[in-house]
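Chain and residue survey
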Amino acid sequence: MVARNLTRGTVLAGQVEVAASLWARFMGLMGRAALMPGYGLWLTGTNGIHMFCMRFAIDAVFLGRPGPDGGRRVLATRPSLRPWLGLVPLVRGADGCLELPVGTIEATRTANGDTVRIE
């Protein structure tokens, strides 16, 4: 899967793994040594994440429900979340979170209100 910022015409991640089950969302990126550039993890149906047991920092983009074209509105961006930070504040209305390598939000100029499609 690919995550594209339709508003900016940029690619957030060229290879997106989907975590759809409760266990997969809980585990997320825990136990991994790194998240390679161009990769992302899409946590479906969630409005919050944690950084417990994480070995590296990440960027997080919280998205709303899909619109008629499949695009999802960016509700919040959380750049450079530090490992072991704990709970990240919940994002009201979010229906998923895209976890990305640090610097992705800045490099793609992704901002609240943009439209992202995961396809």
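Below is a short write-up of the structure. This one's a predicted model, so the numbers in the text were calculated from it and none came from an experiment. (Residues numbered from 1 in each chain as written. Predicted model: local features only at pLDDT ≥ 70, side-chain atom pairs only at ≥ 80, totals over all residues. Heavy atoms only, no water.)

This part is about the overall build of the protein. Along the protein, the regular secondary structure elements total two helices and eight strands. Starting at the N terminus, the α and β elements of the protein follow one another as β-β-β-α-β-β-β-β-α-β. Relative to its full complement of 119 residues, the protein shows a buried share of 45%. In the protein, of all internal contacts separated by at least 6 residues, the share reaching a separation of at least 24 is 68%. Carbon together with sulfur atoms contributes 56% to the accessible area of the protein, which is approximately 6,100 Å² in total. (Helix = DSSP H or I, 4+ residues; strand = E, 2+ residues; numbered from the N terminus. Buried < 20%, exposed > 50% of the residue type's maximum accessible area, 1.4 Å probe, protein only. Contact = heavy atoms within 4.5 Å. Areas by Shrake-Rupley, 256 points an atom, 1.4 Å probe, with all protein chains shown as cover.)

The next point concerns the state of the cysteines. On inspection of all chains with the given rule, the structure shows zero disulfides. Looking at the unpaired C53, the closest cysteine sulfur is the one in C97, lying at 17 Å. (Disulfide = S-S within 2.5 Å.)

What follows deals with the pattern of salt bridges. All chains considered together, the criterion is met by six salt bridges. With a shortest N-O distance of 2.9 Å, R8 and D114 are connected by a salt bridge. With a gap of 106 residues between them, R8 in the loop between strand 1 (3–5) and strand 2 (10–13) and D114 in the loop between helix 2 (104–108) and strand 8 (115–118) connect regions that are remote in the sequence. R8 sits in the partly exposed class, given a relative accessible area of 31%. Its relative accessible area of 4% is what places D114 among the buried residues. Note that R117 and E119 form a salt bridge whose closest N and O atoms lie 3.0 Å from each other. According to the relative accessible area criterion, E119 is partly exposed, its value standing at 40%. Taken together, the salt bridges that share partners define one network made up of R4, R117 and E119. (Salt bridge = Lys/Arg side-chain N within 4 Å of Asp/Glu carboxyl O.)

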